[in-house]
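Report on the structure
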Amino acid sequence: GQFVLEHWTSLEADFARFDHETGPATANQYTLLVNPKDLDADPVELEQSLTEELLRYTTDQGLRLEGPCRVRIEGSDRVAPGSLVCHAEVVPGRIPAWAKLISANITLEVGHNRALVGRGEEADVRIPLQSVSRRHALIWREGGRAFIVDLGSSNGTMLDGRRVGEEPVAMDHGSMVVLAEQSFRWMEERDA
């Protein structure tokens, strides 16, 4: 039972993938039903390590989550010993920031992986300036790096003095990002 549980993460996260307007996304909450005979004791520690593994995997793969990761393990007599049943769902919620865009008068938190940046209501990171396009840029992290692309904005995106187009450009901690004429310092949360 233990082996099965430790290897479900990538399989289920991939199985639950879907296309979001920002790119690949997956479910953020999983309930694992296992036979009570397969539960060693209190599953809290295993739930915690599986939740951490899920977060690591989705971040590494560059998958968007709509809310915080959570893995729950429940005993069920309907599940045969040695197997498990997984229910995956998308549960929107506040996601802790993994990075910030900081200017002289504003700090914007980036919580979603694959965050839509712009002036529009649907933006994950809203910049309420007319010069910023409704859907201006996309920021995400994948494989341990942060990336940005411009989404065909009217007034452009710059990174450390270079124009950003539709090809992903890697960002470094402390990089200068200019969206339209608004300058921001890119700061990643180091322990996120």
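Below, the structure is looked at part by part. Bear in mind the structure is a predicted one, so any value in this text is a computation, not a measurement.

Considering the overall build of the protein chain
Secondary structure assignment for the protein chain yields three helices and 16 strands. Referenced to the eigenvectors of the C-alpha coordinate spread, the extents of the protein chain come out at roughly 60 × 30 × 25 Å. Residue burial in the protein chain is summarised as follows: out of 192 residues, 47% are buried. Considering only contacts in the protein chain between residues 6 or more positions apart, those separated by 24 or more positions represent 57%. Summed over its atoms, the accessible surface of the protein chain is roughly 10200 Å², and 49% of this surface lies on carbon and sulfur atoms. Between the mean site of the 20 positive side-chain charges and the mean site of the 31 negative ones, the protein chain shows a separation of 6 Å.

Some thoughts on the nonpolar core
By size, the foremost hydrophobic cluster in this structure holds 22 residues, and its most contacted members are L101, I139, I148, M171, V177, L179 and W186. At the level of secondary structure, the elements contributing two or more residues to this core comprise β6 (99-102), β7 (107-110), β8 (115-118), β10 (137-142), β11 (145-150), β15 (176-179) and β16 (182-188). Those residues within four positions of M171 in sequence are excluded, and the remaining contacts are I139, R145, A146, F147, I148, L159, V177, W186 and E188. W8, Y30, L46 and L54 belong to the second largest nonpolar core, which has 17 residues in total.

Structural notes on the packing of helix α2 (residues 8-15) against helix α3 (residues 44-61)
Here α2 crosses α3 at 55°, and the two axes come no closer than 9 Å. By the angle class used here, α2 and α3 are oblique. Of the two possible hands of crossing, α2 and α3 adopt the one that is right-handed. Contacts between α2 and α3 involve W8, T9, S10, A13 and D14 on the former and, on the latter, L50, E53, L54 and Y57. The residue makeup of the contact of α2 with α3, split by class, is five nonpolar, two polar and two charged.

As for the pattern of salt bridges
Taken as a whole and judged by the stated rule, the model has eleven salt bridges. Residue E109 pairs with R94 through a salt bridge whose shortest N-O separation is 2.8 Å. On the criterion of sequence distance, the pair formed by E109 in strand β7 and R94 in the loop between β5 (84-89) and β6 is long-range, its members being 15 residues apart. The exposure class assigned to R94 is exposed, which follows from its relative accessible area of 61%. The closest approach of N and O atoms between E121 and R126, which form a salt bridge, is 3.7 Å. Overall, the relative accessible area of 64% leaves E121 in the exposed class. Exposure remark for R126: the relative accessible area of 37% places this residue in the partly exposed category. Here the salt bridges do not stand alone but share partners, grouping R64, E66 and D124 into one network.

Concerning the packing of aromatic side chains
Counted according to the given criterion, the structure contains two aromatic pairs. Relative to F147, the ring of W140 has its centre 5.7 Å away and its plane inclined at 25°; by these criteria the two rings are stacked. A residue is classified by how much of its surface remains accessible, and W140, at 7% relative accessible area, is buried. Taking the ring centre of W140 as reference, the NZ or CZ of R114 above it sits at 4.9 Å.

Some points on the side chain of D150
With respect to the secondary-structure elements, D150 resides in strand β11. There is no salt bridge for the buried D150, and the closest opposite charge comes from R163, which lies 6.2 Å off by N-O distance. A polar contact of 2.7 Å, which involves the side chain of D150, links it to the side chain of S153. Ignoring sequence-local partners within four residues, the contact set of D150 consists of H136, A137, G156, T157, V164, G165 and E166.

Here is what the cut-offs are and how they apply
Residues numbered from 1 in each chain as written. Predicted model: local features only at pLDDT ≥ 70, side-chain atom pairs only at ≥ 80, totals over all residues. Heavy atoms only, no water. Helix = DSSP H or I, 4+ residues; strand = E, 2+ residues; numbered from the N terminus. Buried < 20%, exposed > 50% of the residue type's maximum accessible area, 1.4 Å probe, protein only. Contact = heavy atoms within 4.5 Å. Areas by Shrake-Rupley, 256 points an atom, 1.4 Å probe, with all protein chains shown as cover. Lys, Arg positive; Asp, Glu negative; His and termini not counted. Charge placed at Lys NZ, Arg CZ, Asp CG, Glu CD. Core = buried A, V, L, I, M, F, W, Y, C linked by side-chain atoms within 4.5 Å. Axes fitted to C-alpha atoms, helices over the stretch in contact; angles between N-to-C directions. Parallel < 35°, antiparallel > 145°, perpendicular 65-115°, else oblique. Left-handed = near helix turned anticlockwise from the far one by under 90°. Nonpolar A, V, L, I, M, F, W, Y, C, P; charged D, E, K, R; others polar. Salt bridge = Lys/Arg side-chain N within 4 Å of Asp/Glu carboxyl O. Phe/Tyr/Trp six-rings, centres within 6.5 Å; stacked < 30°, edge-to-face > 60°. Lys NZ or Arg CZ within 6 Å of the ring centre and 35° of its normal. Polar contact = N/O pair within 3.5 Å; in protein donor to acceptor, adjacent residues only side chain to side chain.

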